[in-house]
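Overview (structure and organization)
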Amino acid sequence: MRNTESIIGNMKIPVFNLKRQYEQLKAELDNAFKCVFEKGIFVLGENVRLFEEEFAKYIGAGFAVGVGSGTEALHLSLKSYDIGAGDEVITVPNTAVPTISAISFTGAKPVFVDITPDTYTMDLKKVEEKITDKTRAILPVHLYGHTTEMDQVIKLADAHNLRIIEDACQAHGAKYNDNYAGAIGDMGCFSFYPTKNLGAYGDGGIIVTNNEELYKKLIMLRNYGEVEKFTSKIEGFNSRLDEIQAAVLRVKLRYLDEWTNRRMEIATQYRQLLYNSNVQLPCKRQWAKHVYHLFVIRVNKRNDLKDYLQERGVGTQIHYPIPIHLQEAYKKLGHKAGDFPISERNADEILSLPIYPELTTEEIETVAGLITKFQNI
Ligand SMILES: Cc1ncc(COP(=O)(O)O)c(C=O)c1O
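So, how was this worked out
- Residues numbered from 1 in each chain as written.
- Predicted model: local features only at pLDDT ≥ 70, side-chain atom pairs only at ≥ 80, totals over all residues.
- Heavy atoms only, no water.
- UniProt positions renumbered as here; feature names shortened; annotations may be inferred.
- Core = buried A, V, L, I, M, F, W, Y, C linked by side-chain atoms within 4.5 Å.
- Buried < 20%, exposed > 50% of the residue type's maximum accessible area, 1.4 Å probe, protein only.
- Helix = DSSP H or I, 4+ residues; strand = E, 2+ residues; numbered from the N terminus.
- Domains from an automatic or database assignment.
- Contact = heavy atoms within 4.5 Å.
- Near = heavy atom within 4 Å.
- Polar contact = N/O pair within 3.5 Å; in protein donor to acceptor, adjacent residues only side chain to side chain.
- Nonpolar A, V, L, I, M, F, W, Y, C, P; charged D, E, K, R; others polar.
- Pairing = 2+ DSSP bridges.
- Right-handed = clockwise from strand over helix to strand, strands pointing away.
- Phe/Tyr/Trp six-rings, centres within 6.5 Å; stacked < 30°, edge-to-face > 60°.

As annotated in an unreviewed UniProt entry, the protein chain carries the name dTDP-3-amino-3,4,6-trideoxy-alpha-D-glucose transaminase and is attributed to Candidatus Scalindua arabica. Per UniProt, the comment on the protein chain under Sequence similarities (unreviewed entry) is "Belongs to the DegT/DnrJ/EryC1 family."

Structure below.
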């Protein structure tokens, strides 16, 4: 009889697996590609327009503007408020680098507030002390699919006349109470990077807002500042969601709720299987609909566990191994180790387990079984 170790050793459970989703939707997706190719319109065509309408409706926002990436969604949102040199934007250091590059590319300064020890989102008790007369916006990140406590963000923003730009790049379909992430602040920014809960086959992003004036400005900003072809009213960029990606996303949006439910089921299963282990499971506040873009545990000997799983065919990742204030690229902000202790602790202890709708029960049991076994060594 083969021993368990060798069976597990032969199993390959990557941290993401995009092929399974394609196989399931192959006929629909291939047809969507074909229609775009046959029509011959690849930039700002009807799929982009229809997807913008469909996504805005899904999120419960008045308007949506498809752009080149999540980074660009953040960048253009800030630009639409003329946020730039001399301004400050408050956000967290425990996020993807692009949250910060979007701010600094406007010329504004990213100002960090640490995260809470449990939700890993912005610690709202620490925001007020960072507000200065240069602060223009708060940019909360709904990390891993769990929203920031938005009532508190709104209170702070109202009290200090600040804009709220939500980084919902990991939070498609997530909710704060009854409202969708992205539709609560002034603007919501989403990424369609392939591994996201709603992912394209390349880069893509979208901004949602209820402000018609800013919507019109965003339409110009993403397309050379044009009001009509060859007539630029403002300085703009080239940052457009392309027609092929929009066609793919229109197909996939119809499955988003089903996929979210499956992610939630997988999370429940992991929780049950790891309940008695020593790992710190993800926190879910009662007001949050957590969509589990990532299932992030916290463990001692994180690197050893990561290696142990890898050797047995289970892929994991660390989101994120270096908090932004300690990244070489952002040395200019003048921070040092110890400035944001919760983010720094997380960087040493967190581990993202495989979670995607197509993950099987057997695979979930294998991952959890290995973690339990590692802890008993
Ligand atoms: C929290 C967060 N913000 C911003 C981004 C940037 O999105 P994109 O990769 O589409 O530019 C990402 C995705 O990587 C993200 O996870």
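Our focus in this paragraph is the nonpolar core. V127, Y270, F295, I297, L353 and I371 are the most contacted members of the largest nonpolar core, which totals 78 residues. In terms of residue count, the dominant contributor to this core is helix α12 (residues 361-376) (six residues). A domain-level breakdown of this core finds at least three residues from each of domain 1 (23-253) and domain 2 (255-376). Look past the residues within four positions of Y270 in its chain and what remains in contact with it is F295, L353, P354, L359, I364, V367 and A368. Counting 26 residues, the second largest nonpolar core, distinct from the first, contains I59, A168, F190 and L241.

Bringing the environment of P282 into the picture now. Relative to the helices and strands, P282 is located in the loop between α9 (256-274) and β12 (288-289). Relative accessible area serves as the criterion here: at 9%, P282 is assigned to the buried category. With 13 residues separating them along the chain, P282 and F295 place their C-alpha atoms 6.9 Å apart. In contact with P282, not counting residues within four places along its chain, are R271, F295 and V296.

So, on to the site of the ligand. Not every one of the 15 residues close to the ligand is listed here, only the nearest: G70, T71, D167, S191 and K196. The separation between an oxygen atom of the ligand and a polar side-chain atom of K196 is 3.1 Å. Those elements that place two or more of their residues in the shell around the ligand are α4 (70-80) and α5 (97-104). Here the residues of the shell around the ligand are counted per class, giving five nonpolar, eight polar and two charged.

Sheet analysis places strand β2 (residues 88-91) next to strand β3 (residues 109-112), joined by four bridges and oriented parallel. Bridge assignment links I90 to a residue of β3, and that residue is V111. Handedness of the β-α-β unit built from β2, α5 and β3 comes out right-handed.

Moving on, we get to the packing of aromatic side chains. Here the structure, examined in full by the defined rule, presents 16 aromatic pairs. Pairing Y22 with Y201 gives two aromatic rings, centres 6.3 Å apart and planes at 90 degrees, and the pair type is edge-to-face. You can see Y22 sitting in helix α2 (residues 18-39) and its partner Y201 sitting in the loop between β8 (187-191) and β9 (205-209), a full 179 residues away along the chain. Among the residues examined, Y201 registers a relative accessible area of 29% and is labelled partly exposed. Between Y270 and F295, the ring centres sit 4.9 Å apart and the planes meet at 35 degrees, which makes this aromatic pair tilted. A residue pair is termed long-range when its members are at least 10 positions apart, and Y270 in helix α9 and F295 in strand β13 (residues 295-298) qualify at 25 residues.

Right, let's get into the sheet that holds strand β7 (residues 179-180). Spatially, three strands are ordered β7-β6-β12 in an open sheet, and the strand pairing comes out antiparallel. The open sheet is flanked by β7 and β12, the only strands paired with a single partner. Taken together, the two bridges between strand β6 (residues 175-176) and β7 define a ladder with antiparallel strand orientation. Following the sheet pairing, K175 is matched in β7 by Y180.

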